[in-house]
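Notes for the structure review
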Amino acid sequence: MGLGGLARWGRDLIDAVFPRVCEVCGATLVEGEDIMCLQCLIDLPRTSLHSDNFNAIHERLAGRAPIERAGAFFYYYRGNPYTRLIHKAKYNNLPAIGRKLGALYAKEIVGDGFFDGIDMIIPVPLHWMKQLRRGYNQSREIARGMAEVTSLPVGDNLTAAKGHSTQTRKNSFDRWLNAQNIYQVVRRSELEGRHLLIVDDVITTGATLLACCQAIKKAAPTAKISVAALSLTRLS
Ligand SMILES: [Zn+2]
């Protein structure tokens, strides 16, 4: 048995002991499926916003940050089983989910020119204490998945200067205030004149992305910025 055969045998054995299941509906995955089953992939509530010049994401950041392109893979709303993907990518010590979803999204939009002219992917950072506790930054995993498809470099040029309190109970203005001055740029010369893609897991009010864009614009005024996320909350 060659190495490839051995690897396949090992994978089959692991699949037999721990069957891979769809992270959305729980169905057992078959050969060729990953993360979610084909049916869940077909039913994914895609936003399809990535090729609109002014879409709901631009709108959420409107006037406060000049954004080139903006995209999000799918909608996030209460009762939607796909929110499990985001929760698992973030809290269940499953960084591979973020990475694979990032790659999946990149594959779907690369043909539409979403990544054309982009020089670098920059994940929204986590404060180092949070990252230490969680073991990884889910946004960085999403960025890595996109990099696998596009061969773009992933730059850790944004850092989170201080931990911010959990934002769930704050209104959008409080969130914005809270996010101000959290993010700082390192190695700013790498960003001047470049087109940067800022990547996050979920866009809610847009406050986090806005704070990142402002930090970059302040440090490197000639940088162009686009944004992408796995998920966009529905305002209802
Ligand atoms: Zn499924």
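Structure's up top.
Residues numbered from 1 in each chain as written. Predicted model: local features only at pLDDT ≥ 70, side-chain atom pairs only at ≥ 80, totals over all residues.

**Focus on the packing of helix H4 (residues 83–91) against helix H5 (residues 95–109)**
For the pair H4 and H5, the least separation of the axes is 6 Å and the interaxial angle reads 125°. If you check the angle between H4 and H5, you find them oblique. Here H4 contributes Leu85, Lys88 and Ala89 to the contact with H5, which in turn contributes Ile97, Gly98 and Leu101. (Axes fitted to C-alpha atoms, helices over the stretch in contact; angles between N-to-C directions. Helix = DSSP H or I, 4+ residues; strand = E, 2+ residues; numbered from the N terminus. Parallel < 35°, antiparallel > 145°, perpendicular 65-115°, else oblique. Contact = placed C-beta atoms within 7 Å.)

**Thoughts on the sheet that holds strand S6 (residues 224–233)**
A sheet is described by the order of its strands in space; here four strands give the open sequence S1-S6-S5-S2, paired in parallel fashion. Two strands close off the open sheet at either side, each with one partner strand: strand S1 (70–76) and strand S2 (120–123). Strand-to-strand twist in this sheet, taken as the mean axis angle between neighbours without regard to direction, amounts to 20°. Most of the contacts of H5 go to S1, to which it runs at about 120°, and overall it touches S1, strand S5 (195–203) and S6. Along the sheet, helix H9 (residues 207–219) makes contact with S5 and S6, crossing S5 at roughly 160°. (Pairing = 2+ DSSP bridges.)

**Some thoughts on unusual backbone geometry**
Despite not being glycine, Ile35 has its phi angle at roughly 65°, a positive value. Within the fold, Ile35 resides in the loop between helix H1 (3–17) and helix H2 (38–43). Residue classification places Ile35 among the buried residues on the basis of 23 C-beta atoms within 10 Å. We note that Asn93 has phi near 55°; this positive angle belongs to a residue other than glycine. Along the polypeptide, Asn93 turns up in the loop between H4 and H5. A residue is classified by how many C-beta atoms lie within 10 Å of it, and Asn93, with 10 of them, is exposed. (Buried ≥ 20, exposed ≤ 12 C-beta atoms within 10 Å, placed from the backbone.)

**A look at the environment of Ile198**
Within the fold, Ile198 resides in strand S5. Taking the C-beta count within 10 Å as the criterion, Ile198 has 27 such neighbours and is therefore assigned buried. In sequence terms Ile198 and Ala70 are 128 residues apart; their C-alpha atoms lie 9.5 Å from each other.

**Here we look at the nonpolar core**
Residues Leu101, Ile198, Val199, Cys212, Ile216 and Val227 are the most contacted members of the largest nonpolar core, which totals 59 residues. Examining the composition of this core, we find that eight residues originate from one element, H9, more than from any other. Each of domain 1 (1–43) and domain 2 (44–233) gives at least three residues to this core. Leaving out residues up to four positions away in the same chain, Val227 has contacts with Ile57, Ile67, Ala70, Ile198 and Leu209. (Core = buried A, V, L, I, M, F, W, Y, C linked by C-beta atoms within 7 Å. Domains from an automatic or database assignment.)

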